[in-house]
Amino acid sequence: MAKIQATRGTKDILPSELKYWQFVHNKIYKILQCANYQEIRTPIFENSNLYDRGIGADTDIVNKEMYRFRDRSNRDITLRPEGTAGVVRAFIENRMDSHDKLQRLWYNGAMFRYERPQSGRQRQFHQLGIELIGSADARADSEVIHLAMTIFNDLNLKNLQLNINSIGKIEDRNIYQAKLSDYLERYYDDLDRDSQNRLSSNPIRILDSKNIHTQQILDGAPIISDCLSIESQQHFDNVCNYLAILAIPYTINKKLVRGLDYYNDTAFEIKTLNSLGQDTVCGGGRYDSLIEQMGGPKTPAVGCAIGLERLLTLAKDTVNLPDEPVNFYIATQGSAANKTGMTIMKFLHQQSCTVELDLNSKTFSKQIKQANKKKAIACIIIGEQEIQQGNVIIKWMLKQEQENIPITQFKERISYLKKKLLFMQSFQIIK
Ligand code: ATP
Ligand code: MG
């Protein structure tokens, strides 16, 4: 029969890779915990109008990339393509601001976009998002950027570049949009098809085009910073000053806009200079009007999302995680020994030791071979003879040394066993 394969653009994360994911998650959780951010989990699918309204109808995501379908009750449903819209819906629906006007939140989960799969670009991918809701202060923008940078620094990632820009307020953008359209109209025939379409609907989005020819045309285009209000310029200067105080290097990229419509003022991206492929590992910005636009109270906010697959690719170069050894491997033969093996396994679990029970019941030499393969520090051997004598054999695998322990004394000897385990483990590391 033909094999069933994973859907195009999706990937299995196998145990050997998952340990890197867990390592990265643990690091991130600690950083966010220190900063007093709370985790939020929103549904993986939402009503499609959340994204139509929240992300913007002229964006690539809504136009081309959404996994959108009718459910059995004919509801218009979308698998979430990003996390902020869901968090904002939850914030409004659960009146989270009634408890505290300032919410420091983070989320982590799978996102879905129908894109052309390539290295660093999947159809199901994972994002870790940070949202600081309730503050218009430039310190909030800098705090979010600082947290993202701390995550990268803690993982020892080098050669990252923080690009930052201000895209101003809606009014600034309207002025800019007119200037940009005037300029681009002159090059209409040379623009890529998407950009031609956007020229009438949402010209600023053209700045985000990945088409090289369009980018060349944009080199001579007016820039948004010339249209910023004094207030927006001041906010941007403040963010940059706080970044300097935090000793975070940044590059002002006046062409930077973000792929989603809901941003204002600060827009930023963190890129790796190491890869030639998909180099953006984090994107974010301020979204002061989104919550109100979604039917909530007027609430400023700023946030960012880190692409975890891209982060993991970089982290695997700097982090080395050897296989964790099993503490005890239990090898038994005969029904009485199997029962004793089970109780010892339960006891060792309670003692937070890693234990693996041999389930093949082959010869002891095969079971011991298996223990070696698992890099077990000790093998607990229980055969019929041991049962008769009331003992178990502890074979310390690395030292080729073994000892008998009376079954009745196994529990009271656990602190001795744990100490010896540590000693043997250090021996294993040296080896
Ligand atoms: P890109 O320009 O690479 O398409 P984007 O602007 O669409 O990125 P955002 O919506 O800002 O990306 O998402 C934040 C981060 O999520 C990105 O910087 C990237 O690291 C990651 N990301 C986005 N889309 C994908 C994808 N299809 N596969 C893997 N990671 C992704
Ligand atoms: Mg994209």
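Rules behind the numbers
Residues numbered from 1 in each chain as written. Chains lettered and ligands numbered in written order. Predicted model: local features only at pLDDT ≥ 70, side-chain atom pairs only at ≥ 80, totals over all residues. Heavy atoms only, no water. UniProt positions renumbered as here; feature names shortened; annotations may be inferred. Axes fitted to C-alpha atoms, helices over the stretch in contact; angles between N-to-C directions. Helix = DSSP H or I, 4+ residues; strand = E, 2+ residues; numbered from the N terminus. Parallel < 35°, antiparallel > 145°, perpendicular 65-115°, else oblique. Left-handed = near helix turned anticlockwise from the far one by under 90°. Contact = heavy atoms within 4.5 Å. Nonpolar A, V, L, I, M, F, W, Y, C, P; charged D, E, K, R; others polar. Core = buried A, V, L, I, M, F, W, Y, C linked by side-chain atoms within 4.5 Å. Buried < 20%, exposed > 50% of the residue type's maximum accessible area, 1.4 Å probe, protein only. Phe/Tyr/Trp six-rings, centres within 6.5 Å; stacked < 30°, edge-to-face > 60°. Pairing = 2+ DSSP bridges. Salt bridge = Lys/Arg side-chain N within 4 Å of Asp/Glu carboxyl O.

The name that an unreviewed UniProt entry assigns to the chain is histidine--tRNA ligase, with the source organism given as Wildemania schizophylla. Turning to the chain, the UniProt record has this under Catalytic activity (unreviewed entry): "tRNA(His) + L-histidine + ATP = L-histidyl-tRNA(His) + AMP + diphosphate + H(+)".

Caption draft 1: Broad picture of the packing of helix 5 (residues 138-154) against helix 9 (residues 230-245). Orientation of helix 5 relative to helix 9, taken along the N-to-C sense of each, is 45 degrees, at an axis distance of 8 Å. With respect to their mutual orientation, helix 5 and helix 9 come out oblique. Taken as a pair, helix 5 and helix 9 cross one another with a handedness that is right-handed. Listed contacts from helix 9 to Ala138, Arg139, Asp141, Ser142 and Ile145 of helix 5 are His235, Asn238, Val239, Tyr242 and Leu243. For the contact of helix 5 with helix 9, the per-class residue count stands at five nonpolar, three polar and two charged.

Caption draft 2: Up close: the nonpolar core. With 45 residues, the main nonpolar core has Ile133, Leu180, Leu184 and Tyr287 as its most contacted residues. Top element by residues in this core is helix 4 (residues 84-93). It accounts for six residues. Discounting residues that sit within four places of it in the chain, tyrosine 287 has contacts with Thr84, Val88, Glu131, Ile133, Tyr262, Tyr263, Asn264, Thr299, Ala301, Val302 and Gly303.

Caption draft 3: Representation of the packing of aromatic side chains in the model. Per the stated rule, a full pass over the model turns up four aromatic pairs. Geometrically, the ring pair formed by tyrosine 67 and tyrosine 114 is edge-to-face, given 5.7 Å between the ring centres and 75 degrees between the ring planes. Here tyrosine 67 is found in strand 3 (residues 67-70), whereas its partner tyrosine 114 is found in the loop between strand 5 (103-112) and strand 6 (124-133), with 47 residues between them in sequence. What makes tyrosine 114 partly exposed here is its relative accessible area of 45%.

Caption draft 4: Just the sheet that holds strand 6, in detail. Spatially, the eight strands line up as an open sheet ordered 1-5-6-11-10-9-7-8, and their pairing is mixed. The two strands at the open ends of the sheet, each matched to only one other strand, are strand 1 (38-39) and strand 8 (251-252).

Caption draft 5: Up close: the UniProt feature "binding site: L-histidine" (unreviewed entry) in the chain. Cross-referencing UniProt, the feature "binding site: L-histidine" (unreviewed entry) maps to Glu82, Gly83, Thr84, Arg113, Gln127, Glu131, Arg258, Tyr262 and Tyr263 in the present numbering. Following the sequence through the fold, glutamine 127 ends up in strand 6. Overall, the relative accessible area of 9% leaves glutamine 127 in the buried class. With residues near it in sequence (within four places) discarded, glutamine 127 still touches Glu82, Gly83, Tyr107, Asn108, Gly109, Met111, Arg113, Ala305, Ile306 and Leu308. Mapped onto the elements, glutamate 131 comes out in strand 6.

Caption draft 6: Highlighting the pattern of salt bridges. Considering all chains together, one arrives at 24 salt bridges under this definition. For arginine 121, the salt bridge is made with glutamate 115, and the minimal N-O distance between the two is 2.7 Å. Owing to a relative accessible area of 13%, arginine 121 belongs among the buried residues under this scheme. Among the ionic pairs, glutamate 269 bridges to lysine 271, the shortest N-O distance being 3.9 Å. On the basis of relative accessibility, which here comes to 21%, the residue lysine 271 falls in the partly exposed class. Taken together, the salt bridges that share partners define one network made up of Asp60, Lys64, Asp194 and Arg198.

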